[in-house]
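Letter by letter, the chains look like this.
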Amino acid sequence: MGAMIGAGVFTAFSPAAEAAGSALLLALALAAFVAYCNATSSARLAARYPDSGGTYVYGTRRLGPFWGYLAGWGFVVGKTASCAAMALTVVTYAVPGLSSPWRGVVAAAVVVTLTGLNYVGVRRSALATRVLVALSLVVLALVVAAVAVGGTPERDRLLPGGDADVLGVAEAAGLLFFAFAGYARVATLGEEVRDPVRTIPRAIGVALALVLAVYVVVAAAALTQLGPAGLAANPDPLAYAVSTTSWAGLAPVVRAGAVVAALGALLALLLGVSRTVLAMARDGHLPRTLAAVHPRHRVPHHAELAVGAVVAVAAATADLREVIGFSSFAVLVYYAVAGASAWTLRAGRLVPAAGVLSCLVLAATLPATSVVAGLVVLATGALLYGGRAAWSRRAGRGPAQ
């Protein structure tokens, strides 16, 4: 839950409502179904391969080195975009109405600051995660209470109308997938729990059910108060929804809660992406200088600086909705590789097959700019892999591994 309930819930409803209209809750259910299929596949793989690295490891073991590399590449670029989205969320809620150039500058400054904290070895502890989850839940409860008690909710807005269509629902589900990101992290704990084959799938199912329940209640509150058009028009939909009620004085509290959640998510994401870059650099898939570890702080400082620089540039130049779409595309590809890897386990192929198919469908129906950018970045990664493999063969080292 700590990996899922974060800044995504404060931002993803806006672009999703623009795509799905009044069918927002249907799109949310579809996103949750895809998440469940992918998380179940990851859990089965984690039980067999209890190693760190997630789908980077699973793809390599079950499908071959290229697919493991592609999953790792998709994770790095997708989560890098997620970092930019978290930074932009901080600015969107902290300084609403800030003009575009300055919004990017402030977001980049946020990234630089947190990169510096990571550089000197700051970590988000398990206690901090619990505090952030509790804070997020309290803020989300305030949003629901403000609408229920002080708002003017219209229940008819919950029913899909003529503004909804299949492609719009699929696009919205792909965007809402961003808000579920992190659900499979429990699958990487195979070495640390008793009876992982039984325990991990149950933990994933319970966590997803609880998070979905929270998201449905919050989405329903925002949708009944603002309607799909009002929800789509505001990049900070939850704070805006509260501001339209008689409890408008709580809007700054909601904004503060969103900022804290986004900062916590950004700190953890920068940490995770830099460690994946470290692993890929050690394997030779990225420049080996990125595997350098600081002698004093014991952190992969080259990887952290490189990731921080890329995220800062993305946050300074991209739009929040664009980075949400791009992140969703790359992460959906990542989990498609996970599903394909689980499918090779033979037993119980229906769920992995459903996960792969749904990932590809949702990825294809995302906004065209997100799809094109995602394909270009994935193709770039594939070309880099092919170039390295060709260089290795010429040097007499055999194929790249």
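Quick caveat, the model's predicted, so the values are computed rather than measured. (Residues numbered from 1 in each chain as written. Predicted model: local features only at pLDDT ≥ 70, side-chain atom pairs only at ≥ 80, totals over all residues. Heavy atoms only, no water.)

Visitor: Help me get a handle on the overall build of the chain, residues and values and all.
Guide: Across its full length, the chain holds 15 helices and zero strands. Its C-alpha atoms give the chain principal-axis dimensions of roughly 70 × 45 × 40 Å. Expressed as a percentage of its 401 residues, the buried residues of the chain come to 53%. Sequence separation of at least 24 residues holds for 80% of the intrachain contacts in the chain that already meet a minimum separation of 6. When the accessible surface of the chain is totalled, it reaches about 16600 Å², and 67% of it is carbon and sulfur. (Helix = DSSP H or I, 4+ residues; strand = E, 2+ residues; numbered from the N terminus. Buried < 20%, exposed > 50% of the residue type's maximum accessible area, 1.4 Å probe, protein only. Contact = heavy atoms within 4.5 Å. Areas by Shrake-Rupley, 256 points an atom, 1.4 Å probe, with all protein chains shown as cover.)

Visitor: Pulling in residues and values, what's your account of a nonpolar patch on the surface?
Guide: A cluster of nonpolar residues, M1, L137, V206 and L210, forms a patch on the protein surface that exposes about 310 Å² of accessible area. Note on placement: L210 falls in helix α9 (residues 196-233). Residue class for L210 comes out partly exposed when judged on its relative accessible area of 44%. (Patch = residues over 30% accessible without salt bridge, like charges linked within 9 Å, V, L, I, M, F, W, Y side chains within 5 Å. Salt bridge = Lys/Arg side-chain N within 4 Å of Asp/Glu carboxyl O.)

Visitor: I'd like a rundown of the packing of aromatic side chains, residues and numbers included.
Guide: Tallied over the full model, the rule gives nine aromatic pairs. With centroids separated by 6.2 Å and ring planes inclined at 25 degrees, the aromatic side chains of Y69 and W73 adopt a geometry described as stacked. Of the two residues, Y69 and W73 both sit in helix α5 (residues 65-94), four residues apart, roughly one turn of that helix. The class for Y69 is buried, based on a relative accessible area of 1%. On the basis of relative accessibility, which here comes to 11%, the residue W73 falls in the buried class. (Phe/Tyr/Trp six-rings, centres within 6.5 Å; stacked < 30°, edge-to-face > 60°.)

Visitor: Outline the nonpolar core, listing residues and values.
Guide: With 121 residues, the main nonpolar core has F10, F13, L176, F180, Y215, L238 and L266 as its most contacted residues. Sort the elements by how many residues they give to this core and α5 lands first, with 17 residues. (Core = buried A, V, L, I, M, F, W, Y, C linked by side-chain atoms within 4.5 Å.)

Visitor: Any chance you could break down helix α2 (residues 13-20) for me, citing the residues and the numbers?
Guide: Burial runs high along α2: seven of the eight residues are buried. Considered for burial, the residues of α2 that qualify are F13, S14, P15, A16, A17, A19 and A20. Where α2 ends, the next residue or the one after it, G21, has phi of about 65 degrees, a positive value.

Visitor: Please set out the packing of α5 against helix α15 (residues 368-394) residue by residue, giving values where relevant.
Guide: Contact pair α5 / α15: the axes reach a minimum separation of 10 Å and the direction vectors enclose 135 degrees. With respect to their mutual orientation, α5 and α15 come out oblique. At the point where α5 passes α15, the crossing takes the right-handed sense. Along the contact surface, α5 presents P65, F66, Y69, L70, W73, G74 and V77, while α15 presents V377, L378, G381, A382, L384 and Y385. (Axes fitted to C-alpha atoms, helices over the stretch in contact; angles between N-to-C directions. Parallel < 35°, antiparallel > 145°, perpendicular 65-115°, else oblique. Left-handed = near helix turned anticlockwise from the far one by under 90°.)

Visitor: Can you break down the pattern of salt bridges residue by residue, with the values?
Guide: On inspection of all chains with the given rule, the structure shows three salt bridges. Linking R157 and E154 is a salt bridge whose minimum nitrogen-to-oxygen distance equals 3.6 Å. Owing to a relative accessible area of 42%, E154 belongs among the partly exposed residues under this scheme.

Visitor: Could you give an account of the side chain of T245, with specific residues and numbers?
Guide: By the element assignment, T245 lies in the loop between α10 (237-243) and α11 (251-282). Take T245: its relative accessible area is 8%, and that puts it in the buried class. Of note is the side chain of T245, whose polar atom sits 2.7 Å from the backbone oxygen of V242. (Polar contact = N/O pair within 3.5 Å; in protein donor to acceptor, adjacent residues only side chain to side chain.)

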